[in-house]
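Here are the chains, one letter per residue:
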Amino acid sequence: MKEVVINPITRLEGHGSISIFLNDAGEVENAYLKIPELRGFEQFCIGRKAELMPILTTRICGVCPVAHHFASTKALDAAFNVDPPSTAKKLRELMYSGYIIYDHILHFYFLGGPDFIVGPDAPPEKRNILGVIEKAGMDVAKQVIKHRSYGQRITAILGGKATHPTCGLPGGISKALNEENRKEIEEMALSSLGFAQLSLKLFHDVVLGNTAYVDLIKSDSYTMKTYYMGMVDDNNKVNFYDGKIRVVDPNGLEFLKFEPKDYLDHVGEHVEEWTYS
Amino acid sequence: MVENKLKIAFYWAASCGGCEIAVLDLDEKILDVVKIADIVFWPVAMDIKYKDVENMPDKYIDICFFNGSVRNDEQEHMAKLLRQKSKVLVAFGSCAHEGCIPGLANLHNSEQILSKVYLKQFSNENPDKVIPKPETQVKEGTLRIPRFYDTVKTLAQTVEVDYYLPGCPPPVKLIANAVEAIAKNELPPKGSVLAPLKSVCDECPRTRDDKKITKIYRVYEKVPEPEKCLLEQGILCMGPATRSGCDAQCLTVDMPCTGCGGPCPNVPEQGAAMISALASIMGVEEEKEAYTEEEVETLMSQIKDPIGTFYMYSLPASILKRKVIKQ
C-alpha cells in the first residue's frame, strides 16, 4: 500500500507525524497519528520533593506551563489537606487568565489561525505568522505582539517567570500582589479585552464573511463528531481554574460530570504499540 | 530588502516548547530578526518538513538554534543532520545545554521508564500489556517510531556545538544579545556560553549579612523576609552556583533559584559548587573543629533528594551523567 507521511506535524506544540495509507484505487485506507516523543515524567518525578512538582511539571509543556503549574499546586493543596484563602485562589485564577490571553493569541495568530487568515488555498510557506502579518498588516501585527506580551507579563508578575512560573505553594502562592502591579494588570487586561473583540471581528470578516471558507469549515473533511471534556463552574460555564469536569456528547448534551479528584473512575489511558502517547 | 539575508533555523528535540515561546517573547524584536534573516526551518511556526531539511545543501543554514536534549534515535539523526546543514549550531536552552529536568530520566533506564509509563500508571487501561516499540506491522504496512534510549544526552555529547544559550528557557535579554551579535557579526569565540559571567546572586537585589545557618527550611515551611537572602534564611537557593542573565526573576516572587541557568564560568559542576557553597554557609568548612562527623551528617540530612536538588537541570552534563543500573 502507498504510504503518505507527514513528518513533522507543524504549527502545534509538541511532536507528531502522520502515516496515511492509500489503497490501489488511491483512496485513504487508514491513517495513523504517531507521537514520537516520550520523556518519562511519570517515572522521574518519583523521589523528588513534593513541593517541587509545580516547578518540575511545567516542563511537560512550555507552551501551557501555567496549566501544569496549577494542576500540581492544587494536587499539593489536596496532599497537604489545605484550602487556600480566597485571595490566593483569585490570584491563581488571575495568573491563569493572563496565560489564556497569551495562549489564545498564540493559537489564533501563530498556530491554528494562519490556515484561516492567510487562507486554505495559500501555499504552505505563507501559512504562518509572517503570512498573517502580510495579510492583516503591520498595525495588527504590532497589536498581536503587544497583547501576547501582556499575557506573558501578567504571568511573570505573579509567577516570577512567564515560562516556567514558580509561585505555586500548597495552600496559596508565594507572593502577594501590590497596588502598582494590580493597576498594571488591570490596564493590560482591559486593553486585551479590546484586542479580543478586534480579533473576533477579524475572524468574522475574513472567515465567516467568506462563503467559500464557511462551506469548507462545514464540510465533512473539517468536521469531527466527538465528545468534549472541560472544566465548568456550578452553572456549567467554562472555568479554567476550578470546578468540575464535564463531558458532553457530540450533540452537546451532558454525558458525565465529576470532581477532578475522581478522575481515575472515569479516565483511562489506552496504549498502542506504534505511538508513545 | 536586505541582500543575502541570513538563513536561520529553530529545532526542538526532547523539549517542552518553552524555548520556542522564549523566541516569541522577543516581541517586536522578532520583526528585526525577520528583517535580517529568513527562517528556513521552525516546526512550531512553519510548515517545513524533515525532507526539506534533508534536501538542503550542506552548510545551507547560517545559524541553527537547537533546543531539547537527545533521548531517541530521531533526535540524534536530527542533531547530526542539522549539524551537517548548519554553519553555526547553538545549543539553545537548558535541555540542549545540560539535559535539564527531562535529564533526571538518567536516574532510570528505558525499561524502567517504559514499564512505569505504560504498565504501572494508575490510569493505564492496558490489559494486553502493550509497550510502544520502534517498528509495528499493521495490516496496511509498517509503522515506525523513534527508538527510546536509556540515556538522555546533551547536544554537545552528540555533535560539535559552537555556542550555548543557557536557561530554562533562555532569558529574552540573552536571546536578544545573541541575535544582535549575530546581526553585527560580533559573536565571541566558538565554544562560548552566551551569558554574563556572574552568578544569580550577583543579579539578586536581596541583602546578605554573611549569616551562617544550621536549619534548612522547605519552601512551604517559612514565609521569608522579602528583602533578605533566602539562603541566609535557611531556604535552599541555587543562586550561588547558577549562571546569571535572568535578573533573578524567581526571587522576585520570593521563591528560590532552582538552577536553570546552569553552572557558573569555570565551575563545570553546578551541583558540587552548590554543595561547597552550602558547606560554607553552614560553617562546616571554616569551623571544621566545631562539628563532629555526626553533626555534619545531621545538618546535611536536612537536604531531601540531593540529586534532584543540586542536579535538577544538569545531571546529563555533569560528571555523574547517570545512575548505573545493574541488570
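Residues numbered from 1 in each chain as written. Chains lettered and ligands numbered in written order. Predicted model: local features only at pLDDT ≥ 70, side-chain atom pairs only at ≥ 80, totals over all residues.

1. Some remarks on the overall build of chain B
When you go through chain B residue by residue, the secondary structure sums to 11 helices and nine strands. For 327 residues, the compact-globule formula gives about 20 Å, and the C-alpha radius of gyration of chain B, at 22 Å, lands near that figure. Across chain B, contacts joining residues at least 24 apart in sequence account for 72% of those joining residues at least 6 apart. (Helix = DSSP H or I, 4+ residues; strand = E, 2+ residues; numbered from the N terminus. Rg over C-alpha atoms; globule rule 2.2 N^0.38 Å. Contact = placed C-beta atoms within 7 Å.)

2. Description of the overall build of chain A
Regarding its fold elements, chain A presents nine helices and eight strands. A principal-axis box enclosing the C-alpha atoms of chain A has dimensions of 60 × 50 × 35 Å. Burial status across chain A gives 35% buried among its 277 residues. Partitioning the intrachain contacts of chain A with sequence separation of at least 6 by distance along the chain shows that 45% fall at a separation of at least 24. (Buried ≥ 20, exposed ≤ 12 C-beta atoms within 10 Å, placed from the backbone.)

3. A short note on the interface of chain A and chain B
Interfaces are often described in size by the accessible area the parts lose on coming together. With 65 residues of chain A at the contact, the number on the chain B side is 64 residues. Within the residue set of the side of chain A that touches chain B, elements represented by two or more residues are β2 (17-22), β3 (28-34), α1 (41-44), α2 (53-56), α6 (129-136) and α7 (138-159) of chain A. Sorting elements by how many residues they give to the side of chain A that touches chain B places α7(A) first, with five residues. Partitioned by chemical class, the residues of the side of chain A that touches chain B number 26 nonpolar, 21 polar and 18 charged. (Nonpolar A, V, L, I, M, F, W, Y, C, P; charged D, E, K, R; others polar.)

4. Considering the sheet that holds β3(A)
Residue and element names in this part refer to chain A. Taken together, three strands build an open sheet; the order of strands is β1-β2-β3 and the sheet is antiparallel. Only two strands of the sheet have a single neighbouring strand rather than two, namely β1 (2-6) and β3. Mean inter-strand twist for the sheet, computed between neighbouring axes without regard to direction, equals 15°. Sheet topology note: the β1/β2 ladder contains five bridges and is antiparallel. Pairing of I6 across the sheet is with I18, part of β2. (Pairing = 2+ DSSP bridges. Axes fitted to C-alpha atoms, helices over the stretch in contact; angles between N-to-C directions.)

5. A short note on the pairing of strand β5 (residues 86-92) of chain B
Residue and element names in this part refer to chain B. The element β5 is largely enclosed, with a buried count of five among its seven residues. One ladder, built from five bridges, connects strand β3 (residues 61-67) with β5; its direction is parallel. In the sheet register, F66 faces β5, and the bridge partner there is A91. For β5 and strand β9 (residues 163-165), the ladder comprises three bridges, and the chain directions are parallel. Counted as the bridge partner of A91 is Y164 from β9.

6. A few points about the sheet that holds β5(B)
Residue and element names in this part refer to chain B. Read from one edge of the open sheet, five strands run β2-β1-β3-β5-β9, paired in parallel fashion. Strands with a single pairing partner mark the edges of an open sheet, and in this sheet they are β2 (37-41) and β9. Neighbour-to-neighbour, the strand axes of the sheet open up by a mean angle of 30°, direction not taken into account. Where helix α4 (residues 73-85) meets the sheet, its contacts fall on β1 (6-12), β3 and β5, and the angle it forms with β5 comes to roughly 135°.

7. Quick word on the domain arrangement of chain B
Residues and elements named next belong to chain B. The domain architecture assigned to chain B consists of domain 1 (6-101 + 151-183), domain 2 (107-149) and domain 3 (200-310). Computed over C-alpha atoms, the centres of domain 1 and domain 3 are 32 Å apart. Between domain 1 and domain 3, the contact holds nine residues from the first and six residues from the second. Looking at the side of domain 1 that touches domain 3, the elements that each hand over two or more residues are α5 (94-98) and α7 (172-183). Sort the elements by how many residues they give to the side of domain 1 that touches domain 3 and α5 lands first, with three residues. (Domains from an automatic or database assignment.)

8. Re the confidence of the model for chain B
In this model, chain B carries an average pLDDT of 94, and 98% of its residues clear a pLDDT of 70 or more. Under the prediction, the complex receives an ipTM of 0.95, its pTM being 0.96. (pLDDT = per-residue confidence, 0-100.)

9. Observations concerning the domain arrangement of chain A
Looking at chain A, the domain boundaries give domain 1 (1-37), domain 2 (40-223) and domain 3 (225-277). Residues belonging to the side of domain 1 of chain A that touches domain 3 of chain A are distributed by class as follows: three nonpolar, no polar and two charged.

10. Thoughts on the environment of A:F110
If you trace the backbone, A:F110 turns up in helix α4 (residues 86-111). Sequence-wise, A:F110 and A:L130 are 20 residues apart; in three dimensions their C-alpha atoms are separated by 8.8 Å. Sequence-distant contacts of A:F110, that is, excluding residues within four places in its chain, are made with A:I129 and B:A45.

11. So, the environment of A:P250
Of note, A:P250 is situated in the loop between β7 (244-248) and β8 (254-258). The contact partners of A:P250, leaving out residues within four places of it in the chain, are A:K225, A:T226 and A:Y227.

12. Points about the nonpolar core
One finds B:A9, B:Y11, B:C64, B:F66 and B:V90 to be the most contacted residues of the largest nonpolar core, which totals 135 residues. At 11 residues, α4(A) tops the list of elements feeding residues into this core. (Core = buried A, V, L, I, M, F, W, Y, C linked by C-beta atoms within 7 Å.)

13. Some thoughts on unusual backbone geometry
The amide bond that connects A:N7 to the next residue, A:P8, takes the cis arrangement and shows omega of -5°. Along the polypeptide, A:P8 turns up in the loop between β1 and β2. Along the chain, B:C168 connects to B:P169 via a cis peptide bond; the corresponding omega equals -10°. Note on placement: B:P169 falls in the loop between β9 and α7. You will see that B:D254, though not glycine, has its phi angle at about 60°, which is positive. The residue B:D254 is located in the loop between α8 (200-203) and α9 (270-281) in this model. When the 22 C-beta atoms within 10 Å are taken as the criterion, B:D254 is described as buried.

14. Some thoughts on the environment of A:K175
With respect to the helices and strands, the residue A:K175 is situated in the loop between β5 (172-173) and α8 (179-208). For the pair A:K175 and A:A25, spaced 150 residues apart in sequence, the C-alpha separation works out to 64 Å. If we skip the residues at most four places from it in the chain, A:K175 touches A:C167, B:V253 and B:D254.

15. Let's talk about the packing of α7(A) against α8(A)
Residues and elements named next belong to chain A. As a packed pair, α7 and α8 sit with axes 10 Å apart at the nearest point and diverge in direction by 145°. The chirality of how α7 crosses α8 is left-handed. Across the interface between the two elements, Q143, H147, Y150, R153, I154 and I157 of α7 pack against N181, I185, M188, S191, S192, F195 and L198 of α8. Residue composition of the contact of α7 with α8, by class: seven nonpolar, five polar and one charged. (Left-handed = near helix turned anticlockwise from the far one by under 90°.)

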